[in-house]
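Observations on the model geometry
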Amino acid sequence: MWSGPRNISTAMMRAWENRPDCVVVDEPFYACYLHETSAEHPYRDAILASQPTSRAAVIGTLTAPCDKPLLYQKHMTHHMPRGCDLSWAQKMSNVFLIRSPREVIASYLQKMPSVSEEDIGIVRQREIYEEIVRVTSTNPIVIDSADVLRSPETLLPALCAALDIPWTASMLSWPAGRRATDGVWAPHWYQVVESSTCFGPYLSVSANLPPEASTLAAAMEPHYQALAFRRLRS
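A brief look at the structure comes next. (Residues numbered from 1 in each chain as written. Predicted model: local features only at pLDDT ≥ 70, side-chain atom pairs only at ≥ 80, totals over all residues. Heavy atoms only, no water.)

Quick look at the nonpolar core
Definition in use: As used here, the term nonpolar core means buried Ala, Val, Leu, Ile, Met, Phe, Trp, Tyr and Cys residues forming a set that is joined through side-chain atoms within 4.5 Å. Exposed residues in this analysis have more than 50% of their type's maximum accessible area, buried residues have under 20%, and partly exposed residues fall in between, with area computed by a 1.4 Å probe over protein chains only. Working definition: helices are DSSP H or I runs of at least four residues, strands are E runs of at least two. Numbering for both runs from the N terminus. Whether two residues are in contact is decided by their heavy atoms, any of which lying within 4.5 Å being enough.
With 26 residues, the main nonpolar core has Met1, Met12, Trp16, Tyr72, Ile143, Leu159 and Phe199 as its most contacted residues. Of all the elements in the fold, those that place two or more residues in this core are α1 (9-17), β2 (22-26), β3 (70-76), β4 (95-98), β5 (141-144), α8 (145-150) and α9 (152-162). Here this core takes five residues from α1, the largest share from any one element. Apart from the residues within four sequence positions on either side, leucine 159 is in contact with Met1, Trp16, Val95, Ile141, Ile143 and Leu232. Of all hydrophobic cores here, the second largest spans 23 residues; its members include Ala31, Leu34, Val104 and Met112.

Structural notes on the layout of surface pockets
The test is simple: Cavities and pockets were defined on a 1 Å grid built from protein atoms only: a cavity is a group of points that admits a 1.4 Å probe but offers it no way out, a pocket is an open group of points flanked by protein on both sides within 12 Å along at least five of seven lines, and a lining residue is one with an atom within 4 Å of any such point. Grid points are joined across faces, edges and corners, and a volume is the space filled by probe spheres set on the points. Residue polarity is assigned by list, with Asp, Glu, Lys and Arg as charged and Ala, Val, Leu, Ile, Met, Phe, Trp, Tyr, Cys and Pro as nonpolar; anything else, Gly included, falls into the polar class.
Its volume calculated, the largest pocket comes out at about 800 Å³. Forming the walls of the largest pocket are 39 residues, and the residues nearest its centre are Arg6, Ile8, Arg99, Ser107 and Val193. Of all elements in the fold, only α1, α2 (30-36), β3, α5 (101-108), α8 and α11 (191-195) reach the threshold of two or more residues within the lining of the largest pocket. Put simply, the second largest pocket is a space of about 380 Å³. Around the second largest pocket, the lining is made up of 17 residues, and of these Leu71, Tyr72, Gln73, Met92 and Ser93 lie nearest the centre. Looking at the lining of the second largest pocket element by element, the count peaks at five residues for β3. Looking at side-chain class alone, the lining of the second largest pocket contains 12 nonpolar, four polar and one charged residues.

Describing the pairing of β2
Regular strands have side chains that alternate between both faces of the sheet. To keep things clear, this is the line we draw: We call two strands paired when DSSP finds no fewer than two bridges between them.
Where burial is concerned, the two faces of β2 differ: the one with Cys22, Val24 and Asp26 is buried and the one with Val23 and Val25 is not. Across five bridges, the pairing between β2 and β3 is parallel. The residue bridging aspartate 26 from the neighbouring strand is lysine 74, located in β3.

The quantities given are spatial measurements derived from coordinates; they are silent on function.
Structure (structure tokens):
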């Protein structure tokens, strides 16, 4: 599952982890990204200590045999630099989780003091989509966060059908709390998800963006729309 930050990606991970036939991996390239850049993120040192910083090592883990039928991988597009190896994605079913740029940026600014194009990964998400098309010779599935929140009981079964995976209603709710599978960055980013037991209602959070953030959102809109018109409709 390829998304940027603040795309209900952790709630989606909860839904998949609540399936009895699925294990999940939370942002396995985060330490690689921090190791390769000077990005200052909360829990930077802890993240670097908690994961491999070699992309080859991460890929080896992601493509190794799994002890359950399904392995759900939550990936942040901004963790994947241009030119990195994506050939391993041929072994996967690739899905892109998108969200309106204004909503992404508004949510991001609730957690961080500033936001940039690189931080939210929307351009990179479009690029990775196009790279996955080339690598796999298929058109990956696209789902929109707003569609999920408006009707998870119809969108998630449609997603499972598109993936040729049996549907289970266990994806619609989960126990509250932190998971051992959560990354060490969870205390900064996951408070709302930790208190949740299901997908919340759709609520727009994009009003009253600061001028610079609004300009960034407008610049990101064409990249979002390039994927949005392809999105799965239940």
